[in-house]
Amino acid sequence: MVPQSLITDEKKQLISSILTFFCYLCRVINSPEMKIYPLLILLLTVGLAACSDKKTSGNVDEMLDTIPEMVMRIQKSSRLYTTEYHIRKIVTHDDTKKLTGSFMSRNFSIDLPVGQRKIAIPMDATVRAYIDFSTFSEKNVNRNGDKVEIILPDPKIVLTGTKINHAEVKQYVPLFRSRFSDAELTNYERQGRQAILNDLPKLNLIEQSKASAARTLIPFITEMGFKQEDVTITFRKRFTPSDIATLIEKSTLEHEAAGK
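Computed from a prediction, not measured in an experiment: that's the story for all the values here.

S.K.: For this particular structure, what's the right way to read the overall build of the chain?
M.R.: When its secondary structure is counted, the chain shows six helices and seven strands. Traced from its N-terminal end to its C-terminal end, the chain shows the element sequence α-α-β-β-β-β-β-β-α-α-β-α-α. Every one of the 260 residues in the chain was classed for burial, and the buried ones make up 32%. In the chain, of all internal contacts separated by at least 6 residues, the share reaching a separation of at least 24 is 82%. Working note: accessible area of the chain is about 16,700 Å², and carbon and sulfur atoms make up 55% of it.

S.K.: It is not clear to me how the sheet that holds strand β7 (residues 231-235) should be interpreted in this structure. Could you clarify?
M.R.: Within a beta sheet, neighbouring strands are joined by backbone hydrogen bonds and run either parallel or antiparallel to one another. Strands sit in the order β3-β4-β7 across an open sheet of three strands; the sheet is mixed. At either end of the open sheet lies a strand with only one pairing partner, and these are β3 (141-144) and β7. For this sheet the average axis-to-axis angle between neighbouring strands, irrespective of direction, equals 20°. In this sheet, β7 lies alongside strand β4 (residues 147-152) in parallel orientation, the contact comprising five bridges. Within the sheet, the bridge partner assigned to I151 lies in β7 and is T234. Each of β4 and β7 touches helix α4 (residues 205-223); the most contacted strand, β7, lies at about 145° to it.

S.K.: I'm lost on the nonpolar core in this one. Help?
M.R.: Of all hydrophobic cores here, the largest spans 39 residues; its most connected members are M70, I150, L152, L200, L217 and I221. It is α4 that contributes the most residues to this core, eight residues altogether. Those residues within four positions of L217 in sequence are excluded, and the remaining contacts are I74, S77, F133, I150, L152 and I233.

S.K.: Help me understand the packing of aromatic side chains, please; the structure alone is not making it clear to me.
M.R.: For any pair of aromatic rings, the description consists of the separation of the ring centres together with the inter-plane angle of the planes. Following the criterion strictly, the structure yields four aromatic pairs and no others. Each ring, one from Y81 and one from Y130, has its centre 5.4 Å from the other, and the planes form 55°; the classification is tilted. Of the two residues, Y81 is situated in strand β1 (residues 79-103) and Y130 in strand β2 (residues 106-132); the sequence distance between them amounts to 49 residues. By relative accessible area, which is 4% here, Y130 ends up buried. Taking 5.9 Å as the distance between ring centres and 65° as the angle between the ring planes, the aromatic pair formed by F133 and F136 counts as edge-to-face. By relative accessible area, F133 is classed as buried at 0%. Classification of F136 as buried rests on a relative accessible area of 1%. Lying across the ring of F180, R117 places its NZ or CZ 4.0 Å from the centre.

S.K.: Explain α4 to me, please; I cannot follow it from the model alone.
M.R.: Quick reminder: α-helices carry 3.6 residues per turn. Residues three or four places apart thus point the same way. For α4, built from 19 residues, the straight-helix expectation of 27 Å at 1.5 Å per residue is met to within 8% by its first-to-last C-alpha distance of 28 Å. Residues L205, I206, S209, S212, A213, A214, L217, I218, F220 and I221 constitute the buried set of α4. Where α4 ends, the next residue or the one after it, G225, has phi of about 115°, a positive value.

Quick notes on the rules
Residues numbered from 1 in each chain as written. Predicted model: local features only at pLDDT ≥ 70, side-chain atom pairs only at ≥ 80, totals over all residues. Heavy atoms only, no water. Helix = DSSP H or I, 4+ residues; strand = E, 2+ residues; numbered from the N terminus. Buried < 20%, exposed > 50% of the residue type's maximum accessible area, 1.4 Å probe, protein only. Contact = heavy atoms within 4.5 Å. Areas by Shrake-Rupley, 256 points an atom, 1.4 Å probe, with all protein chains shown as cover. Pairing = 2+ DSSP bridges. Axes fitted to C-alpha atoms, helices over the stretch in contact; angles between N-to-C directions. Core = buried A, V, L, I, M, F, W, Y, C linked by side-chain atoms within 4.5 Å. Phe/Tyr/Trp six-rings, centres within 6.5 Å; stacked < 30°, edge-to-face > 60°. Lys NZ or Arg CZ within 6 Å of the ring centre and 35° of its normal. Expected span 1.5 Å × (residues − 1).

Next comes the structure, spelled out in structure tokens:
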């Protein structure tokens, strides 16, 4: 991609060289019958300049036409998964059997000597971030001369594949206590999922998503004539840790609400 100013400079140099050459010919050829040649030279120079203008105009039109093609190619990326984390979390819980009540208008809570239950639940989960390019349009492209800025759609985060490794669940239940029920285990799994969601701001998902998208998009943008250093990939804003909750996919939150 050649800047228009550079094309204009090259045109001026070309015309100057042609004029210099033909002026030299005019000085050499001084016979009366050759007097018409300066006029022909002038006409030839104007014609060359016109051709050069057409070429320049064609280059500008070609540069402008790359934007729709660029948008179309980016849209074909559809849902681009940019980051994936495999997380293992140990959910622990312990409780003591208590006797609670009130006596003479005073509340009391007494630990019963039947022992304390303990449990450790290993959970495996997959966190994925993706960018949906289905709504990508020319509004997401800012161009300034030979520089171009691609504004990515907001990333989405989804928590998938959450499961408990039941073979590795560790329980300690005293003789006079009951084992943990399925309802209790389900509740602890929900707590583990929520703990993973609370830790998402620590994973640097946004910056990694931007870097991954850049690795995917920049190669074919440079194929269209842009230099890599003239291409900027960014989001519409700088997301903060508090913004992460708004980027979590709705289905993940619905799954979490269903487990409550």
